[in-house]
Amino acid sequence: MAFGEKKKIVAVDDSAIVLKMLGKILGTKYELHCFAGGGRALEFLKTRTPDLIILDIDMPEIDGYEMLRLIREYEHLAQVPVIFLTSNNDKNYVLKAVAGGAKDYVIKPIDEELLMGKVRAQLGETGGNIYGRNR
């Protein structure tokens, strides 16, 4: 990545409200590409390698678990970290996400500071502190 170039994040969620919120939280610091469905996101990802992918679990077209499985089939995406978003706080959802290769998860409604901390951690911007500052 060239000096001064923004890190690239792909976000996939079927909720326009969530995508707008992600844009507000992440859009000024990162190059954010938002998709309302998995099909269009997969088409985009065929030829691009973002630094991070954020996936909703519960989507009608392709759910997040299947989306992650399909993403991992592309060699250039195999090591890209994935953070799952879910409105379900059932631990089985989380365990299934981690077993499928997700690096982290955020439960909706989205806490801005927590999401930003987890994004920064996955992008290696925090020095081990997910909040990026002393707490």
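The structure we're discussing is the one just above.
Notes on the structure follow.

How each quantity is defined
Residues numbered from 1 in each chain as written. Predicted model: local features only at pLDDT ≥ 70, side-chain atom pairs only at ≥ 80, totals over all residues. Heavy atoms only, no water. Helix = DSSP H or I, 4+ residues; strand = E, 2+ residues; numbered from the N terminus. Rg over C-alpha atoms; globule rule 2.2 N^0.38 Å. Buried < 20%, exposed > 50% of the residue type's maximum accessible area, 1.4 Å probe, protein only. Contact = heavy atoms within 4.5 Å. Areas by Shrake-Rupley, 256 points an atom, 1.4 Å probe, with all protein chains shown as cover. Lys, Arg positive; Asp, Glu negative; His and termini not counted. Charge placed at Lys NZ, Arg CZ, Asp CG, Glu CD. Pairing = 2+ DSSP bridges. Right-handed = clockwise from strand over helix to strand, strands pointing away. Axes fitted to C-alpha atoms, helices over the stretch in contact; angles between N-to-C directions. Core = buried A, V, L, I, M, F, W, Y, C linked by side-chain atoms within 4.5 Å.

## A few points about the overall build of the chain
Now for step 1: A tally of regular secondary structure across the chain gives 5 helices and 5 strands.
Now for step 2: A compact globule built from 135 residues should have a C-alpha radius of gyration of about 14 Å, and the chain, at 14 Å, falls within 12% of that.
Now for step 3: C-alpha atoms of the chain, sized along the principal axes, occupy 40 × 35 × 30 Å.
Now for step 4: Across the 135 residues of the chain, 43% fall into the buried class.
Now for step 5: Put simply, 57% of the contacts in the chain that link residues at least 6 apart link residues at least 24 apart.
Now for step 6: Working note: accessible area of the chain is about 7400 Å², and carbon and sulfur atoms make up 51% of it.
Now for step 7: Seen as two clouds, the 19 positive and the 19 negative side-chain charges of the chain have centres 5 Å apart.

## Let's talk about the pairing of strand 3 (residues 52-56)
Now for step 1: The element strand 3 is extensively covered by neighbouring structure, given that 5 of its 5 residues are classed as buried.
Now for step 2: Along strand 3, one buried face is formed by L52, I54 and D56 and the opposite face, lined by I53 and L55, is buried too.
Now for step 3: Bridge analysis of strand 3 against strand 4 (residues 82-86) gives 4 bridges, and the strand direction is parallel. By the bridge assignment for strand 4, I54 is matched with I83.
Now for step 4: At this point the chain moves from strand 3, through helix 3 (residues 64-72), to the parallel strand 4, and the crossover so formed is right-handed.

## Remarks on the sheet that holds strand 2 (residues 31-35)
Now for step 1: Spatially, 2-1-3-4-5 is the arrangement adopted by the 5 strands of the open sheet, whose pairing is parallel. At either end of the open sheet lies a strand with only one pairing partner, and these are strand 2 and strand 5 (104-107). For this sheet, the mean inter-axis angle between neighbouring strands, taken without regard to orientation, is 20 degrees.

## A closer look at the nonpolar core
Now for step 1: Of all hydrophobic cores here, the largest spans 23 residues; its most connected members are V12, L45, I53, L55, M67, I71 and F84.
Now for step 2: Secondary-structure elements contributing two or more residues to this core are strand 1 (8-12), helix 2 (38-45), strand 3, helix 3 and strand 4.
Now for step 3: The element contributing the most residues to this core is helix 3, with 5 residues.
Now for step 4: Excluding anything up to four places from it in sequence, L45 contacts V10, P50, I53, M67, I71, H76 and L77.

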